Amino acid sequence: MTDRLPHTLRSDALDNRERILDAARALFSADGLDVPMREVARRAGVGPATLYRRFPTKRMLVTEAFAEQLHACRAIVDEGCADPDPWRGLCLVIERICELHARDRGFTEAFLSAYPGVTDVAAGREHTVKAVAELAQRAKEAGRLRSDFVLDDLILVLMANKGIHATSAAGQVKASRRFAGLVIQAFEACPRHAQPLR
């Protein structure tokens, strides 16, 4: 009996951790990063002491909650940069990053604001910005991206994308895709023909 007790506690601790992270993601996505830690604990069905034992600071909780999104963001940018056609790669980045951010308002907030002390998010943002800047330069040199494009334009796109609100997650993603299509058309140096918006 005593041999099995530590395993049970470890299993409970893992369950609590996942419930806390699930609750944090849901709350941050819906309400942004200002959600109180006590509300995260309440939604997860654990006491505040359990929450603070797993995540002593909100910074740690934010970092863990967005680790998957940060990885996805990096993968999108790396895929876009690997495309031999820099314009096509940049379009892919704009479309998929907008969709990723449309699915999770909390991640957008953390990504744009560099939530204090969340070094993983800040480092991920730095990698993304640098890689997209290089991709944009290549697309300009290829004559496909308008010459007056600056990286702040992409930050404005993410800020505007964050403002999209729909009655459902599917509606949010659909609106974000349409918005990305409009942005891509606006960024193109010499639009040959307007692509139908999805």
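Residues numbered from 1 in each chain as written. Predicted model: local features only at pLDDT ≥ 70, side-chain atom pairs only at ≥ 80, totals over all residues. Heavy atoms only, no water.

Draft legend 1. Local environment of the nonpolar core. One finds Phe-28, Val-40, Leu-61 and Ile-94 to be the most contacted residues of the largest nonpolar core, which totals 49 residues. Filtering out sequence-adjacent residues up to four positions away, Leu-61 remains in contact with Ile-20, Leu-21, Ala-24, Phe-28, Met-37, Val-40, Leu-51 and Phe-55. (Core = buried A, V, L, I, M, F, W, Y, C linked by side-chain atoms within 4.5 Å. Buried < 20%, exposed > 50% of the residue type's maximum accessible area, 1.4 Å probe, protein only. Contact = heavy atoms within 4.5 Å.)

Draft legend 2. Quick look at the confidence of the model for the chain. Summary statistics for the chain give a mean pLDDT of 85 and a share of 86% for residues scoring 70 or more. The weakest mean pLDDT in the chain belongs to helix H7 (residues 105–113) at 74; the strongest belongs to helix H2 (residues 37–44) at 95. A low-confidence stretch, residues 1–9 stays under pLDDT 50, and its non-local contacts, those more than four residues away or across chains, total 0 contacts. (pLDDT = per-residue confidence, 0-100. Helix = DSSP H or I, 4+ residues; strand = E, 2+ residues; numbered from the N terminus.)

Draft legend 3. View of the pattern of salt bridges. Applying the stated criterion across every chain yields a total of 10 salt bridges. Taking the shortest distance from any N to any O, the salt bridge between Glu-18 and Arg-17 comes out at 3.6 Å. Two residues, Arg-42 and Glu-39, come together in a salt bridge whose shortest N-O distance is 2.7 Å. Placement of the pair is Arg-42 and Glu-39 together in helix H2, with a separation of 3 residues, close to one helical turn. (Salt bridge = Lys/Arg side-chain N within 4 Å of Asp/Glu carboxyl O.)

Draft legend 4. Local environment of the packing of helix H5 (residues 67–82) against helix H6 (residues 86–103). The interhelical angle for the contact between H5 and H6, taken along N-to-C directions, is 165°, at an axis separation of 8 Å. Overall, the two elements H5 and H6 adopt an arrangement that is roughly antiparallel. Helix-helix and strand crossings are classified by hand; for H5 and H6 the assignment is right-handed. On the side of H5, the interface is formed by Gln-69, Ala-72, Cys-73, Ile-76, Val-77, Glu-79 and Gly-80, while H6 contributes Gly-89, Leu-92, Val-93, Arg-96, Ile-97 and Leu-100. Across the contact of H5 with H6, the residue classes tally to 8 nonpolar, 3 polar and 2 charged. (Axes fitted to C-alpha atoms, helices over the stretch in contact; angles between N-to-C directions. Parallel < 35°, antiparallel > 145°, perpendicular 65-115°, else oblique. Left-handed = near helix turned anticlockwise from the far one by under 90°. Nonpolar A, V, L, I, M, F, W, Y, C, P; charged D, E, K, R; others polar.)

Draft legend 5. Highlighting H2. Inspection of H2 places Met-37, Val-40, Ala-41 and Ala-44 among the buried residues, and these make up the whole buried set. An end-on view of H2 places all buried positions within 100° of arc, on one side of the element. Set apart from the buried face of H2 by more than 90 degrees, the exposed residues are Arg-38 and Arg-42. (Arc of directions from axis to C-beta.)

Draft legend 6. Molecular detail of the side chain of Ser-176. Within the secondary structure, Ser-176 sits in helix H10 (residues 169–187). What makes Ser-176 buried here is its relative accessible area of 1%. Among residues more than four places away in sequence, those in contact with Ser-176 are Cys-98, Glu-99, Ala-102, Asn-161 and Ile-164.

Draft legend 7. Summary view of the environment of Glu-39. Look at Glu-39 and you get partly exposed, because its relative accessible area is 25%. Each C-alpha atom of the pair Glu-39 and Ala-23 lies 8.9 Å from the other, and the pair is 16 residues apart in sequence. A distance of 2.7 Å separates the side chain of Glu-39 from the side chain of Arg-42, its partner in a polar contact. (Polar contact = N/O pair within 3.5 Å; in protein donor to acceptor, adjacent residues only side chain to side chain.)

Draft legend 8. Highlighting the environment of Asp-22. Inspection of the secondary structure puts Asp-22 in helix H1 (residues 5–31). According to the relative accessible area criterion, Asp-22 is partly exposed, its value standing at 45%. Sequence separation of Asp-22 and Ala-44 is 22 residues, and the distance between their C-alpha atoms is 7.5 Å.

Draft legend 9. View of the environment of Asp-83. Structurally, Asp-83 can be placed in the loop between H5 and H6. With 52 residues separating them in the primary sequence, Asp-83 and Leu-135 have C-alpha atoms 9.6 Å apart. What Asp-83 contacts, discounting residues up to four positions off in sequence, is Arg-88, Gly-89 and Arg-138. At 2.8 Å, the side chain of Asp-83 and the side chain of Arg-88 are in polar contact.

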